[in-house]
Amino acid sequence: MKPTEIQLNSPSGLKLDLTNYGATLTRLQIPDKHGVLTDVVIGLANVEEYTSEDYKKYNFCLGATIGRYAGRISGGGFSIGENFYELSHQDGVQLHGGKHSLDQQLWLVDQMEEGDTPFVLFSLKSNAGDNGYPGNLNLFAKYQLENNTLKITYTATTDAPTVINLTNHAYFNLDGQGTTHGNELYVNASRYLEVDERLVPTGRILNVEDTPYDYTEKTALHFKGHYGLDTPFILEEGKIKASLYAKHSGIQMNVTTNQPAMVLFTPQDFGGLKVRNSELFQGFPAICFECQNFPDAPNQPHFPSALLLPGETYRNEMSYQFEIK
Ligand code: FUC
């Protein structure tokens, strides 16, 4: 089956392109300070490319819906009560729900509406046993434009106890070109999770003070002391959980979420992958704001629970609000 392409347009001028393949955000265009539409999300030139074997090798998950468990799970699996569930893994670690996961499925387009607050609702059933996870899951991904805000809401229910952690993996570059180096970044987090060389949380929760991860005040995004962020931040009270400002376009993005953590990821480049308009980008071309639970929470009892039981509804809400400064 061929992936479907969908475009939502908000009256305030936002244009959002999506595909049901991976319930993926493929493009987001925002009027910049001169009113010129700026393509602020990294994507591929056309939708067919997302399904190609070549693209999958890169594992960048551009704009995709990630699950059943975003980030890394260690120990080859996890236990619920007495039962150990072995996951598909590499050297004991599973990343982003394993191979051929939610980001590589053709979701159904359940509902679509135009008008002042246009939205699309994708749905997917994930069977018990998929990549080792228990429980038949009913998943929904809703993308909606409301004024200058993109809202993404993930919900899920299960028929057996399981763990879940979904997120969206959009890579932002608010200038639509160049680098994110020097963009003004704010993260509402005074603590982050230490990770080991496999990028699995060690379990230690550290303070950002005097580390390269201190963005508690707006600070120019820098790569001193590390080769780019791939870091889970623990979010604090306050509506805005993170913001990013790019001076050439004048676009500022404010991120809100109901989730306890945000993984910030800044790849140095996209390797050999030819993204849309690749010639316009430089080193550190984009940044992901992955709103989610803590990576490896199923194996770390002092992290927030990732358990989902029958009768409960998992709900992950995130919003990306844009303004000109
Ligand atoms: C992020 C990172 C990973 C990975 C992936 C594409 O979430 O944590 O290291 O490279 O995305």
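You'll find the structure just up there.
For clarity, every value in this text was computed on a predicted model and none was experimentally measured.

Engineer: When you look at the site of the ligand in this model, what are you seeing that I'm missing?
Structural biologist: Close to the ligand lie Asn59, Arg72, His96, His169, Tyr171, Leu199, Asp230, Phe265 and Glu290. Arg72 places a polar side-chain atom, nitrogen or oxygen, 2.8 Å from an oxygen atom of the ligand. In the model, an oxygen atom of the ligand is placed 2.7 Å from a nitrogen or oxygen of the His169 side chain. A total of 290 Å² of accessible area belongs to the ligand in isolation, and the protein chains cover 89% of it. A per-class count over the shell around the ligand returns 3 nonpolar, 3 polar and 3 charged.

Engineer: Can you help me understand the sheet that holds strand 24 (residues 261-265) in this one?
Structural biologist: Hydrogen bonds between backbone groups are what pair the strands of a sheet, and the pairing can be parallel or antiparallel. A sheet is described by the order of its strands in space; here 6 strands give the open sequence 16-25-24-21-18-19, paired in antiparallel fashion. Where the open sheet ends on each side, the last strands, each with one partner, are strand 16 (171-172) and strand 19 (201-207). Bridge count for strand 18 (residues 191-195) against strand 21 (residues 230-234) is 2 bridges, and the pairing is antiparallel. Note on strand 21: the bridge partner recorded for Tyr192 is Phe233.

Engineer: Explanation requested: the pattern of salt bridges in the structure shown.
Structural biologist: Scanning the model with the defined rule gives 11 salt bridges in all. Taking the shortest distance from any N to any O, the salt bridge between Arg27 and Asp39 comes out at 3.6 Å. Of this pair, Arg27 sits in strand 3 (residues 24-31) while Asp39 sits in strand 4 (residues 37-39), and the two are 12 residues apart along the sequence. For Arg27, a relative accessible area of 27% translates into the label partly exposed. Across the pair Lys56 and Glu53 runs a salt bridge, and its minimum N-O distance is 3.2 Å. Within this pair, Lys56 and its partner Glu53 are both found in helix 1 (residues 53-58), separated by 3 residues, close to a single helical turn. Connected through shared salt-bridge partners, Asp17, Arg27, Asp39 and Arg276 make up one network.

Criteria and thresholds
- Residues numbered from 1 in each chain as written.
- Predicted model: local features only at pLDDT ≥ 70, side-chain atom pairs only at ≥ 80, totals over all residues.
- Heavy atoms only, no water.
- Near = heavy atom within 4 Å.
- Polar contact = N/O pair within 3.5 Å; in protein donor to acceptor, adjacent residues only side chain to side chain.
- Areas by Shrake-Rupley, 256 points an atom, 1.4 Å probe, with all protein chains shown as cover.
- Nonpolar A, V, L, I, M, F, W, Y, C, P; charged D, E, K, R; others polar.
- Pairing = 2+ DSSP bridges.
- Helix = DSSP H or I, 4+ residues; strand = E, 2+ residues; numbered from the N terminus.
- Salt bridge = Lys/Arg side-chain N within 4 Å of Asp/Glu carboxyl O.
- Buried < 20%, exposed > 50% of the residue type's maximum accessible area, 1.4 Å probe, protein only.

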